[in-house]
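Chains, contacts and geometry: an overview
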Amino acid sequence: MESFKLSELQKKYQSERAHTLTEEQFGSLVLFYPSLLIIASDGKIDEEEWLYVDYLAKFIADTFKNEISAEARDVLQEKYLAELKYLAENLEKWESAFIEVLKDYISVHEEVKEDVEDILHLFAEASDGKSDEEEIKIEELKGVLQI
């Protein structure tokens, strides 16, 4: 995932939060960011939902499993988990910026629309089915992202 908007977002994000993700790895964080919004759709992340945040970190890191060693993937998973925890604690601060960059990316790479939607539903259904809050957030994100 590369774009000028992504680079600008990464610079802004890095100015407030030092991290060691490459631009490609940061792009994957942006791509999967809506899943974090689904997990936190009721306004908070409870103890059980933190398990899904852990799973999300693994899910994102696994997208690089064919490119890096198992040990490097484990390190990357920990990096993603740290960033997801930070983002979960700062949803309001970053939501519009991340979603805007993702919307821009999707508009150019329409082939990812279905994947993004599938991932939203996957994380909504991971707990005991979709809650009303999750369903509302999915529909909101689909509208904003035009998927």
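What counts, and at which threshold
Residues numbered from 1 in each chain as written. Predicted model: local features only at pLDDT ≥ 70, side-chain atom pairs only at ≥ 80, totals over all residues. Heavy atoms only, no water. pLDDT = per-residue confidence, 0-100. Helix = DSSP H or I, 4+ residues; strand = E, 2+ residues; numbered from the N terminus. Axes fitted to C-alpha atoms, helices over the stretch in contact; angles between N-to-C directions. Parallel < 35°, antiparallel > 145°, perpendicular 65-115°, else oblique. Contact = heavy atoms within 4.5 Å. Nonpolar A, V, L, I, M, F, W, Y, C, P; charged D, E, K, R; others polar.

**Comments concerning the confidence of the model for the chain**
- Averaged over all residues, the pLDDT of the chain equals 91, while 97% of them reach at least 70.
- Looking over the chain, one finds the lowest element-wise mean pLDDT in helix α6 (residues 113-126), namely 88, and the highest in helix α4 (residues 70-89), namely 97.

**Some remarks on the packing of helix α5 (residues 91-108) against helix α7 (residues 132-145)**
- Interhelical geometry of α5 versus α7 gives an angle of 55 degrees and a closest axis separation of 9 Å. With respect to their mutual orientation, α5 and α7 come out oblique. Across the interface between the two elements, Glu-95, Ile-99, Leu-102, Lys-103 and Ile-106 from α5 touch Lys-137, Glu-140, Leu-141, Val-144 and Leu-145 from α7.
- A per-class count over the contact of α5 with α7 returns six nonpolar, no polar and four charged.

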